[in-house]
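So you can see what is in the structure, the chains are spelled out below.
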Amino acid sequence: MEGIKKYIAEFIGTFTLVFIGCGTAMLVGCDAEYGCGYILTAFAFGLAIVALAYGVGNISGGHVNPAVSLGVLISGGMTITDFCGYIVAQVLGALAGSALLDGIFSMGGVEDKTGGLGTNGLGGVHDSVGAGLLVEIVLTFLFVILILGVTSKNQNHGSFGGLIIGLTLVAIHIIGIGLTGTSVNPARSLGPAIIAAIDGNTAPISVVWVFIVAPLIGGTLAALVYNFLEGSKGDAK
C-alpha cells in the first residue's frame, strides 16, 4: 500500500507539472523575442515544482521526472521496483495532463500558441539533433545534481529545499526554452508528444527520443558525479 501511495503521488505531481507548465506555454507562447510568455512559462514550470515539493514531496519525494528518479536510483535512494513504478506513474500523469489540456483547449476554442500542447522541439537549435542532445544532457545534469545535493542527508536546507529546486528549474527554463523548449524530463516530453500525435501532429513524436535519451544520460552522469564528489568528501574526513 505504501508503494501505491507513492505512485499515486507521482502521478498527481507529474499531471500537475504538465498541466500548469505546458498549459501556460500554450496560453502565452514561448517567443524569446518578446520575452513575456517566455518568462511566464519558465516560472510556471518552476513554481509548479515548488508546489509539488511541499505538496507530495513528503509522500514520494516529488520526483515527477524519470531522469530524477534514475539519478536517485543510481545514488541508492530507491529500489528498482519503486523506480519502475515511478516511471509508469510519471508517464501516465503526463499523458493525463496533456489529454486534459487538449480537451479544454479544443472544447473552449482556445488557441494553442505552441502549436503542439507545449511539446519540445529542435527549432531553436536549427533542427540539430546533436545540439539538442547536448543542451538537454547539460541542463538535466545541472538540475539533477542540484536535486541530489539539496536532498542529501548531509545537507540541512530546512524547509527551503523545494524552493531552491523550483527556482533552479526556472533558471534552466530561461536558458533552455529558446533552444529546445526545455525538457530535462522524459515524461513531460512524451505525454504532450503522444497526445499531439493522436491529434494528427506527428512532428513532436518524431524527435521525442532526443528528450527521452538526453535527460536520462544527464541524470545518470549527475548521479555518478555526485556519488564521486560525496564519496571524496567522506574520504577527506
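Scroll up a little and you will see the structure.
Scoring rules and cut-offs
Residues numbered from 1 in each chain as written. Predicted model: local features only at pLDDT ≥ 70, side-chain atom pairs only at ≥ 80, totals over all residues. Heavy atoms only, no water. Helix = DSSP H or I, 4+ residues; strand = E, 2+ residues; numbered from the N terminus. Expected span 1.5 Å × (residues − 1). Phe/Tyr/Trp six-rings, centres within 6.5 Å; stacked < 30°, edge-to-face > 60°. Disulfide = S-S within 2.5 Å. Buried < 20%, exposed > 50% of the residue type's maximum accessible area, 1.4 Å probe, protein only. Contact = heavy atoms within 4.5 Å. Salt bridge = Lys/Arg side-chain N within 4 Å of Asp/Glu carboxyl O. 1 Å grid on protein atoms, 1.4 Å probe; cavity = no way out; pocket = protein on both sides within 12 Å on 5 of 7 lines; lining within 4 Å. Points joined across faces, edges and corners; volume = space filled by probe spheres on them. Nonpolar A, V, L, I, M, F, W, Y, C, P; charged D, E, K, R; others polar.

Caption draft 1: Main features of helix α1 (residues 2-28). The end-to-end C-alpha distance of α1 is 39 Å, a good match for the 39 Å that 27 residues give at a rise of 1.5 Å each. Trailing α1 by a residue or two, G29 shows a phi angle of about 80°, which is positive.

Caption draft 2: Region of interest: the packing of aromatic side chains. On inspection of all chains with the given rule, the structure shows two aromatic pairs. Note on Y7 and Y86: the rings are 6.0 Å apart at their centroids and 85° apart in plane angle, and the pair reads as edge-to-face. Taken together, the positions of Y7 in helix α1 and Y86 in helix α5 (residues 80-108) put the pair 79 residues apart, joining distant regions of the chain.

Caption draft 3: Seen up close, the state of the cysteines. All chains considered together, the criterion is met by zero disulfides. Lacking any disulfide linkage, C22 is separated from the closest cysteine sulfur, that of C30, by 9.0 Å. What makes C22 buried here is its relative accessible area of 0%. Distance from the sulfur of C36, which forms no disulfide, to the nearest cysteine sulfur (C30) is 11 Å. For C36, a relative accessible area of 53% corresponds to the exposed category.

Caption draft 4: View of the side chain of H63. Along the chain, the position of H63 falls in the loop between α3 (57-60) and α4 (66-74). Beyond its immediate chain neighbours, meaning those up to four positions away, H63 contacts E10, V68, S69, V72, M78, Y86 and Q90.

Caption draft 5: Local environment of the pattern of salt bridges. One pass over the full model with this rule turns up one salt bridge. D82 serves as the salt-bridge partner of K6, at 3.6 Å between the closest nitrogen and oxygen. Of this pair, K6 sits in helix α1 while D82 is found in helix α5, placing the two residues 76 residues apart along the sequence. A relative accessible area of 22% places K6 in the partly exposed class. Residue classification places D82 among the buried residues on the basis of a relative accessible area of 15%.

Caption draft 6: Region of the structure containing the layout of surface pockets. Approximately 440 Å³ is the volume found for the second largest pocket. If you trace the second largest pocket, you find 26 residues lining it, with T119, N120, G121, T180 and G181 closest to the centre. Contributions of two or more residues to the lining of the second largest pocket are made by α2 (36-55), α7 (161-180) and α9 (203-207). The residue inventory of the lining of the second largest pocket, partitioned by class, reads nine nonpolar, 13 polar and four charged.

Caption draft 7: Seen up close, unusual backbone geometry. Positive phi is not limited to glycine here, since H126 has a value of about 55°. Within the secondary structure layout, H126 lies in the loop between α5 and α6 (129-150). The class for H126 is exposed, based on a relative accessible area of 71%. Positive phi is not limited to glycine here, since D127 has a value of about 60°. You can see D127 is positioned in the loop between α5 and α6. Given a relative accessible area of 60%, D127 falls into the exposed group.

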